[in-house]
Structure formats: C-alpha cells, structure tokens
Amino acid sequence: MKSIFKHLLTAFITCILVVACGQSNTPIATTTTAPVNTTGNAPIPIGIGVAQTSNVALLGQEQVIGAKIAEQFFNQKGGVNGTPIKLFFQDTSGDEQGAINAFNALINQDKVVGIVGPTLSQHAFSADPIAERAKVPVLAPSNTAKGIPQIGEYISRVSAPVAVVAPNAVKAALKINPNIKKVAVFYAQNDAFSKSETGTFQETVKAQGLDLVTVQKFQTTDTDFQTQATNTINLKPELVIISGLAADGGNLVKQLRELGYKGLIIGGNGLNTSNLLPVCKALCDGILIAQAYSPEHPNEINKEFRRIYTEQNKKEPPQFSAQAFTGVQVFVEALKAVDGKTKISTLSLPQLRTDLNKAILAGKYDTPLGEISFTPEGEIIQKEFYVAQISMEPGGSNGKFKFLK
Ligand code: 1QQ
C-alpha cells in the first residue's frame with residue numbers, strides 16, 4: 001500500500017536523520033508499531049472481504065456496490081475529520097478457504113483498521129476467528145445465523161439475525177392466506193445460515209399452530225429438486241418455506257412451480273436479491289421475503305443513499321447494499337469518535353484497531369437501516385423490519401420487490 005510505503009520511507013529517513021543529528025524527539029522512528037497514518041492526509045484503510053466471484057457473488061456483488069457508494073459518500077463529506085478512507089477489496093469467493101485468505105490479506109497485507117465481511121455465515125465461522133486473534137474489528141454485513149457476534153470480542157454485525165427477521169415472513173403469509181394449515185420446509189444442509197434460519201422458521205410454524213408436514217434437505221450446489229418437490233407436493237402444503245442461497249433457491253422455486261405447486265412460497269435471506277430473478281423468471285412471482293431494510297425508510301441518510309443508488313443502478317437499493325453501506329458508515333463514525341479522543345495519526349495500528357472496536361460498540365448510528373446500536377457482545381439493535389413480495393412483469397424477465405404494508 002502506497003501510504004504505508006511512504007510512511008516507512010519517511011520513518012527510515014527520519015531514523016537516519018535522528019542518528020545523524022543525535023536527536024530523538026519523534027515517536028515514529030522508535031516504535032515497531034508505527035502509527036497508521038503519519039503523513040497528514042493518507043487515507044485510512046478499511047477492508048471489504050465479500051464474495052466477488054462464485055455462486056455467492058450473486059449476493060456479494062450487491063455488497064460491493066453498497067460499500068463503494070459509502071466510500072465516495074463519506075469521503076465527500078470529509079471522511080474521518082478531514083482524512084479520507086480507502087476501501088481495500090479482497091474476494092472471499094465461494095468457500096471457507098477463500099474467506100480465510102481474504103481476511104489474512106486484508107489484515108496482514110493491506111493493514112486495514114477493520115473489515116466489513118464476509119458474505120456468508122458459513123464463511124464467517126471460519127474467517128472471523130482469524131480477525132479475532134489479530135484483534136481486528138469485523139462488521140458482518142450479512143451474517144444472520146445464530147452465534148455470529150459470539151465468535152469473539154471483535155466480531156459485531158449490522159445484519160439482524162434470522163431469529164428476529166424471518167418470523168415476519170410467516171406472519172405476512174398468514175395475512176395473505178389465513179387458511180394456511182400445512183407447511184413444508186426446505187433447507188440447505190451444507191450451509192450454516194440455512195440451518196439456523198430453518199430452525200427459526202420451523203419454530204415459528206409450530207408457534208403459529210401450523211402443521212409442519214415435511215422438512216426437506218438439499219445442498220447449495222444442487223440443481224435438481226424433482227424428488228423433494230414431488231414428495232412435497234403430494235403432501236398438499238399451502239405454504240413452502242425455503243432456506244438456501246440464490247441459485248439453488250431459485251431453481252427449487254422454479255421446479256416446485258413447474259411441477260404444479262400453487263400455494264405461497266417464502267424465501268429466506270439467501271434468496272433476498274434480484275439476482276434470483278433470472279433463475280426462476282416468471283415463476284419467481286409472489287415469493288415473500290422478510291427484509292431488514294426498506295428503500296422507503298424516511299431518514300436523511302437513507303434518502304441520500306437511495307438517490308445515489310438509484311441514479312447509478314436504475315432500480316431501488318436492495319438490503320445487501322444498504323447493509324454494506326451501513327458497515328462502512330459505522331466504521332467511519334467510530335473512527336471519528338476515536339480521532340476525537342486521540343488523533344488517529346498518533347496511534348499504532350494495533351492500538352487503533354482496539355480503540356476502534358470499543359468505539360463501534362459504544363456508538364449509536366443513524367443509518368439507511370434506521371437507528372442502530374450494538375449490545376456489548378456486538379449484536380445489532382435495530383427497530384424496523386419489513387416483508388417484500390416479488391412481483392414479476394408479464395413475460396417474466398423483469399421483476400420488483402414490492403414492500404407489503
Ligand atoms: C448468512 C446470510 C446470507 C444468506 C446473506 C447473503 O444471511 O449467510 O448469514
């Protein structure tokens with residue numbers, strides 16, 4: 001990274017001067033843990049470790065967009081008390097090892113102050129412990145499985161857990177069709193988030209007095225769901241609930257409909273992207289998905305975020321972009337709080353990472369998700385949740401997430 005090299009060069013020259021001149025009044029040359037930013041206005045490095053390739057990129061791409069909007073937006077507003085931020089992107093790709101490699105690169109090579117990532121809970125359980133051991137704060141932008149903040153002191157999330165988000169979709173389905181009795185549940189058994197989310201869905205179904213007629217398992221890599229779909233349809237459910245990711249989830253919806261299923265379908269958070277629409281096309285119509293973000297949220301920062309996003313992308317901002325934006329925002333505001341106490345330019349990188357983590361947990365943030373804060377463990381405290389229903393245009397190539405009242 002240029003600024004660090006510049007710093008090292010400055011430190012080296014200073015060192016020579018110190019030896020030559022016999023003076024020793026600078027902290028830079030004498031410490032091994034040099035300050036992060038000693039050159040006045042060198043940008044502060046923040047890491048984004050999400051999936052930019054693989055099937056998980058259907059979700060991760062939306063995060064990259066949200067993070068980039070935040071970088072530009074907050075730098076235009078003066079960054080961290082006059083010092084800009086700079087995002088460093090490392091692609092986690094689609095597996096645990098990819099996430100581990102991305103986190104290691106962000107921590108050791110890019111020397112970031114904190115990380116927004118990874119995309120999946122499945123990857124967080126492997127990669128977050130690396131950040132925890134290195135004492136690098138992580139803000140999980142989309143890790144909704146049970147147990148994420150409990151990975152460690154440095155792990156917090158801006159993505160509300162399945163336990164609070166998912167039940168809203170079941171309640172919305174019952175409002176649309178109060179006659180629902182029989183419910184079938186599908187989940188991807190090789191994905192930590194899907195296992196966690198289906199647990200919540202199954203509890204909700206039972207708590208609502210509904211009849212859970214079957215629990216079907218699949219893999220996120222599956223493309224053929226004929227057997228599970230046929231077995232399910234034979235049980236005549238009025239509601240099907242799917243916890244998986246976008247490609248598998250989209251194919252499952254498509255095959256259920258092609259085989260004649262007519263009832264309501266709830267998709268979990270892994271189906272919460274318009275990248276699902278090219279998979280199930282017209283047959284995506286009517287899928288209900290609970291949301292931790294609404295483009296209609298009326299606060300100023302959301303209005304600005306929504307305006308920039310829609311200008312660039314010609315559609316409404318999705319939840320994953322809003323959450324990634326929020327992750328960067330929390331870092332920026334917590335960095336400002338740290339800087340307000342002790343100039344960041346005088347702190348060593350380890351000290352800054354530790355102070356930053358404390359500041360994150362202590363703060364309150366007005367974000368596109370609404371007002372949020374954190375429990376001491378790093379769990380998000382968020383107030384508003386929503387449910388959207390996919391509405392496909394006739395012909396089935398274009399569709400929208402319509403928010404239910
Ligand atoms: C998780 C999730 C993902 C499906 C979001 C991209 O919620 O892995 O926890």
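Summary of the structure given here. (Residues numbered from 1 in each chain as written. Predicted model: local features only at pLDDT ≥ 70, side-chain atom pairs only at ≥ 80, totals over all residues. Heavy atoms only, no water.)

Taking 1.5 Å of rise per residue, the 14 residues of helix H11 (residues 300-313) would be expected to cover 20 Å, and the 20 Å separating its terminal C-alpha atoms lies within 8% of that figure. Listing the buried residues of H11 in full gives Ile-301, Asn-302, Phe-305, Ile-308 and Tyr-309. Around the axis of H11, the buried residues are gathered within 135° of arc, so they sit on the same side. For H11, the secondary structure elements touched by its buried residues are helix H2 (57-76), helix H12 (319-341) and strand E11 (364-367). Backbone geometry just after H11 places Lys-314 at a positive phi near 55°. (Helix = DSSP H or I, 4+ residues; strand = E, 2+ residues; numbered from the N terminus. Expected span 1.5 Å × (residues − 1). Buried < 20%, exposed > 50% of the residue type's maximum accessible area, 1.4 Å probe, protein only. Arc of directions from axis to C-beta. Contact = heavy atoms within 4.5 Å.)

Across all of its chains, the model carries nine aromatic pairs by this definition. Relative to Phe-325, the ring of Phe-74 has its centre 5.4 Å away and its plane inclined at 45°; by these criteria the two rings are tilted. One end of the pair, Phe-74, is in helix H2; the other, Phe-325, is in helix H12, with 251 residues separating them in the sequence. For the residue pair Phe-74 and Phe-325, the accessibility class agrees, reading buried in each case. Between Phe-218 and Phe-225, the aromatic rings sit 5.4 Å apart at their centres with planes inclined by 85°, giving edge-to-face as the arrangement. Accessibility classification places Phe-218 together with Phe-225 in one group, the buried group. Among the aromatic residues, ring-to-ring pairing joins Phe-73, Phe-74, Tyr-293, Phe-305, Tyr-309 and Phe-325 into one connected group. (Phe/Tyr/Trp six-rings, centres within 6.5 Å; stacked < 30°, edge-to-face > 60°.)

Paired through backbone hydrogen bonds, the strands of a sheet run either parallel or antiparallel to each other. Ordered in space as E2-E1-E3-E4-E5, the five strands form an open sheet in which the pairing is parallel. What marks the edges here is a single partner per strand, and that holds for strand E2 (85-89) and strand E5 (155-157). With two bridges joining them, strand E3 (residues 115-116) and strand E4 (residues 138-140) adopt parallel strand pairing. Within E4, the residue paired with Val-116 across the bridge is Leu-139. Against the sheet, H2 touches strand E1 (44-48) and E2, its axis set at about 165° to E2. (Pairing = 2+ DSSP bridges. Axes fitted to C-alpha atoms, helices over the stretch in contact; angles between N-to-C directions.)

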